[in-house]
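The lines below spell out each chain.
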Amino acid sequence: MRRRILQSTLLVVALTALVLGGPLAITTWQLVDDFDRAELTSRLEQVATRLEGPGAAVDIAGLELAVPRGGRLILEQAGRAPLVIGSDVGDDAVTETLPLGSGGMATMQEPRAVLLGQQVQVTLVVLLLVVLSVATGTVVATLTARRLAEPLRDVADRAARLGAGDFRSAPARHGIPELDAVSEVLDTSAAALAELVQRERQLVGDVSHQLRSRLTALQLRLDELTTHPDPSARSEALAALDQAEKLAAVLDELLEAARAARAAGAEPLDLREGLEAVAQEWRAPLRAEGRILKMRVPDGLLARVTPARIREAVGALLDNAVRHGGGTVVVAARATEKSLVIEVTDAGDGVPEELIPHVFERGVSVGSSTGIGLALARALVEADGGRLELSRARPPTFTIFLPAARADDVVGPGRRASSPR
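Here the structure is a predicted model, which means the values were calculated and not measured. (Residues numbered from 1 in each chain as written. Predicted model: local features only at pLDDT ≥ 70, side-chain atom pairs only at ≥ 80, totals over all residues. Heavy atoms only, no water.)

Undergrad: Talk me through the packing of helix 7 (residues 307-324) against helix 8 (residues 373-383); I want residue IDs and the actual numbers.
TA: Closest axis-to-axis distance for the helix 7/helix 8 pair is 9 Å, and the angle between their directions is 155°. Considering their axes alone, helix 7 and helix 8 lie roughly antiparallel with respect to each other. Helix-helix and strand crossings are classified by hand; for helix 7 and helix 8 the assignment is left-handed. Here Arg309, Glu312, Ala313, Ala316, Leu317 and Asn320 of helix 7 come into contact with helix 8, specifically with Gly373, Leu374, Leu376, Ala377, Leu380, Val381 and Ala383. Grouping the amino acids of the contact of helix 7 with helix 8 by side-chain chemistry returns nine nonpolar, two polar and two charged. (Axes fitted to C-alpha atoms, helices over the stretch in contact; angles between N-to-C directions. Helix = DSSP H or I, 4+ residues; strand = E, 2+ residues; numbered from the N terminus. Parallel < 35°, antiparallel > 145°, perpendicular 65-115°, else oblique. Left-handed = near helix turned anticlockwise from the far one by under 90°. Contact = heavy atoms within 4.5 Å. Nonpolar A, V, L, I, M, F, W, Y, C, P; charged D, E, K, R; others polar.)

Right under this line is the structure:
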C-alpha cells in the first residue's frame, strides 16, 4: 500500500515536472534572448540621443560608455566615414540596428557567447528549481504515503485481530476522519462480539445446568420406579432409565463438541513469547503513570491455547491492573503437574470484600469502567479449556490455569503444530 501510494504520487510529480519544466526552460531561454536584444536596442537609443544633428561633433568617450563589454558599435552617417567603437565580435554575433534621423544607421553587436552564457545560467537556475520541486514533492509524497499507509495497516491489523477473536479496543486514532470512523466501527463491533461471546457461554452453561438438573431428577424418579412390584412397570422404568442415561451421554457429547468448536484455533504457544508480546503493549500505559511491569516467565512453557484469546484475556487483566491497581505489576508463569499457570499481580489495594464473589460477573466494577473485561477474560480462557480465578484479593492476584500442549503437538525442535488434534 505504501509503495503504491508513493509510486502514484511520484509519477504525478514527475509528469508535472516534465510537462511544466520543459516548456518553462524553453521559454526562459527565449526570454533571455529577448531581454538581451532589448538591452542592445536601449543602448542604441542612448547613442541616438548623443548624436544631436548633422555635422555635430561625435562624443567618442560618451559613446564608449554605451557599448557593452566585449561589444562593438558601428555608426554610419551621411557624409562621414563609418565609425567603429569597440573590439571585433566575430562572425557569429548578436546584432541590433537603429535608424538615425540624419539618414544614417547605428548598429550594436555583442558576442554570441555572452548571450549563450546568460541563457545557460538562467536555464540552469530554472532546472534547479524544477529539480528542487521534484525533491520537495518526493519528500511530501513519502510523508503522505507513510501517514496514509501506516494507519491503513493498523486498521487492517485491528480487523485481523478482531476476526481472530481479539476483542480489545484500540483507543489510538490517526487524525484521518475516514480511518477514524472505521476504527470506531471496529471498536463497536469488538464490544458487540465480546458481549456475544459472553452471552453464548452463559447460555450454554445455563442450558447445561438446567438440563442436567432435570435429567438427574428424572433419573431419580425412574430409579424409584424400578422397584415397583408390577413387572411391567419395572420393565418400562428400566427402559426409560436407559434412555435417560443415553440422553445424558448425548448431552455430554454435545457440550464437549461445543467446547472443541470454541477451541478450534488452539495451538501450542510459547508462553514467554506470547506474554512478552502482550506486555509490550501495556508497558507504555503503566510507564505513563509512573509504574512498571515485570515479567517472570521461564522458557519452554508450551500451552495449548488460541493465541488471540490468551492475549485478550491477559490484556484484560493488565487493563484491570492499570485502572484499579497500583505499584508494580508482575506477570508470572509456571508449570504444575496438571496445567500451566499464569499469575497477574499488582501492589494495589485489592478487591473489596463485597465484590469478591461477583468480580467476574458482567457489569460489576469498582470504578467507571464497563465491568465487561474480567467477565470476558474468564469466558475466553474457559473457551480454550482453561480456568480464571481470583486466587488472592489483597494484593490482588488473578490466576489463569491453561492446558499444557501434548507431546504429539510438537512436530520438531522449535516447531509447533498449527492445527488442533
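On we go.
Undergrad: I'd love a proper account of the packing of helix 6 (residues 271-288) against helix 7, names of residues and values included.
TA: For any two helices packed against each other, one specifies the crossing angle of their axes together with the interaxial distance. Between helix 6 and helix 7, the shortest axis-to-axis distance is 10 Å and the interhelical angle comes to 25°. The orientation of helix 6 relative to helix 7 falls into the category roughly parallel. Regarding helix 6 and helix 7, the two cross each other, and that crossing is right-handed. From helix 6, Leu275, Val278, Trp282 and Leu286 reach across to helix 7, where they touch Arg311, Val314, Gly315, Leu318, Asp319 and Val322. Its residues assigned to classes, the contact of helix 6 with helix 7 shows seven nonpolar, one polar and two charged.

Undergrad: I'd like a description of the nonpolar core, backed by residues and values.
TA: The biggest cluster of nonpolar side chains holds 38 residues, and the ones touching the most others in it are Leu271, Leu318, Ile342, Ile400 and Leu402. Those elements giving two or more residues to this core turn out to be helix 6, strand 7 (302-305), helix 7, strand 8 (329-335), strand 9 (340-345), helix 8, strand 10 (387-392) and strand 11 (397-402). The biggest single contributor to this core is helix 7, with eight residues. Ignoring anything within four residues of it in the chain, the contact list for Ile342 reads Leu271, Leu275, Ile310, Val331, Ala332, Ala333, Phe398, Thr399, Ile400 and Leu402. Listed in part, the 17 residues of the second largest apolar core include Val47, Val67, Met108 and Leu115. (Core = buried A, V, L, I, M, F, W, Y, C linked by side-chain atoms within 4.5 Å. Buried < 20%, exposed > 50% of the residue type's maximum accessible area, 1.4 Å probe, protein only.)

Undergrad: So, the packing of aromatic side chains: which residues are in play, and what are the values?
TA: Within this structure, the stated rule accounts for one aromatic pair. Here Phe360 and Phe398 contribute two aromatic rings whose centre-to-centre distance is 6.0 Å and whose plane-to-plane angle is 85°, an arrangement assigned as edge-to-face. Of this pair, Phe360 sits in the loop between strand 9 and helix 8 while Phe398 is found in strand 11, placing the two residues 38 residues apart along the sequence. Just as Phe360 is buried, Phe398 falls in that class too. Taking NZ or CZ as reference, Arg387 lies 4.1 Å from the ring centre of Phe401, over its face. (Phe/Tyr/Trp six-rings, centres within 6.5 Å; stacked < 30°, edge-to-face > 60°. Lys NZ or Arg CZ within 6 Å of the ring centre and 35° of its normal.)

Undergrad: Report on unusual backbone geometry, specifying residues and quantitative values.
TA: Here the bond from Arg394 into Pro395 is cis, since omega is -15°, no more than 30 degrees from zero. Relative to the helices and strands, Pro395 is located in the loop between strand 10 and strand 11.

Undergrad: Can you tell me about the sheet that holds strand 8, naming the residues and giving the values?
TA: Picture the strands of a sheet paired through backbone hydrogen bonds; they go either parallel or antiparallel. The sheet built from five strands is open, its strands ordered 6-8-9-11-10 with mixed pairing. The sheet terminates laterally at strand 6 (293-296) and strand 10, the two strands that pair on one side only. Recorded for the sheet is a direction-independent mean angle of 20° between the axes of neighbouring strands. Two strands pair when backbone bridges link them, and strand 9 and strand 11 are joined in this way by six bridges, in the antiparallel orientation. Residue pairing across strands places Thr345 opposite Thr397, the latter belonging to strand 11. Packed onto the sheet, helix 7 meets strand 6, strand 8, strand 9, strand 10 and strand 11 and runs at close to 175° relative to strand 11. In the packing of helix 8 onto the sheet, the strands contacted are strand 10 and strand 11, and the crossing angle to strand 10 comes to about 130°. (Pairing = 2+ DSSP bridges.)

By themselves these figures say nothing about function.
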